[in-house]
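Inside the fold
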Amino acid sequence: MSQSVKALVADTKGDFASFNQTVIKRRNLRPDDVAIDIKYCGICHSDVSMVQWQGAHFPMVPGHEISGIVSAVGSNVENFKPGDRVGVGCFVNSCGKCAACKAGQEQFCEHGVVVVFDSEDDDGTITQGGYSQAIVVKDHFVLHIPDELALQDAAPLLCAGITTYNPLKRFNVGKDSNVAIIGLGGLGHIAVQFAAKMGAHVTVLGHSESKRNEAQQFGASDYQILKTPADFQALAGHFDFILNTVAADMDLNSYLPLVKADGVFCYVGIPSNDIHFNLFSIFGNQAKVTASNVGGIQMTQEMLNFAAKNDVKPQIEMIGIDDVSQAYQNILDSKVHYRYVIDMSTLK
């Protein structure tokens, strides 16, 4: 029989006040399934976007930064057992057969990856996410959380962590790399830690003095405020790699010349408006302008292991289930410092 579990649902698109507690069904345990008691779930800006305007299926249970404890496993599961500390990130199913899946890039499944909530699974059901007491997930998409990582700290790493780790690895950031991180928010403060622990010289590009000290605490070697043309000119051709973690519009014609010859400017913060720049901004350095998605399951496990070994962890604000509506508004108002995590024991 399916399991009934308590959950927090958003009843209405665009209405943060529509959250309420209810009961949802989780599927029977299949041979390759892992059942998880959820202890914590992070809140990501994309959760807010789904409830605000992107979501297709309501009522909706958001949440894709899930950490918890295995409660049961299917008969064919070999890599997990009850009591294991585990996590679930952005997606929970893919075809497993296409070139992308075979390459460990499940997020690019040619037949369509199944994300953890508001997505149609292969049995026709609509997935429901981590703002709930428990979840059942195919074993391939469950991640081991190392003992060195607290469960509450691991939760945001399952999206914000892999979102920033993936491009740093993809573009070979390492010892002696000169890296700039634009923004020191929910993504940026984790990106700084990863890049620094990879051996890079890390500069945070900010717009005020307010976060200079925190940037240094997270591992940045430098902090630059860019306002005037002279500020930009002083850093021309300075960086091998620039990671933009903010979703705000910016003047790319000012930022792209900061990249060295054949360097990379990469977006992980995605603005809602189209981006525009003059090709002469990259003609003089052959800079590459790109964006990065999350990583596949293998890389996500690698990221968790790296974070555990190198003491990379998000700065979190723990909240209860009744605080979610206000937390969503605070995220829109940039009042979170730096990631909200829901204590699921408050779901009564």
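Structure: above.
Calculation notes
Residues numbered from 1 in each chain as written. Predicted model: local features only at pLDDT ≥ 70, side-chain atom pairs only at ≥ 80, totals over all residues. Heavy atoms only, no water. 1 Å grid on protein atoms, 1.4 Å probe; cavity = no way out; pocket = protein on both sides within 12 Å on 5 of 7 lines; lining within 4 Å. Points joined across faces, edges and corners; volume = space filled by probe spheres on them. Helix = DSSP H or I, 4+ residues; strand = E, 2+ residues; numbered from the N terminus. Nonpolar A, V, L, I, M, F, W, Y, C, P; charged D, E, K, R; others polar.

This next bit is on the layout of surface pockets. Estimated volume of the second largest pocket: approximately 310 Å³. For the second largest pocket, the lining is made up of 17 residues, of which Arg-26, Arg-27, Thr-125, Ile-126 and Thr-127 are closest to its centre. When residues of the lining of the second largest pocket are traced back to their parent elements, those giving at least two are β2 (19–26), β6 (91–93) and β8 (134–138). Here the lining of the second largest pocket takes four residues from β8, the largest share from any one element. Residues belonging to the lining of the second largest pocket are distributed by class as follows: six nonpolar, four polar and seven charged.

Looking now at unusual backbone geometry. With an omega of 0°, the peptide bond between Phe-58 and Pro-59 qualifies as cis. Mapping Pro-59 onto the fold places it in the loop between α1 (45–54) and β4 (66–73). For the bond from His-337 to Tyr-338, the omega torsion is 5°, close enough to zero to count as cis. Phi is positive for Asp-262, close to 65°, though the residue is something other than glycine. In this structure, Asp-262 sits in strand β14 (residues 259–267). The phi dihedral of Gln-286 falls on the positive side, at around 50°, and the residue is not glycine. Take Gln-286: it is sitting in the loop between α8 (280–283) and β15 (288–291).

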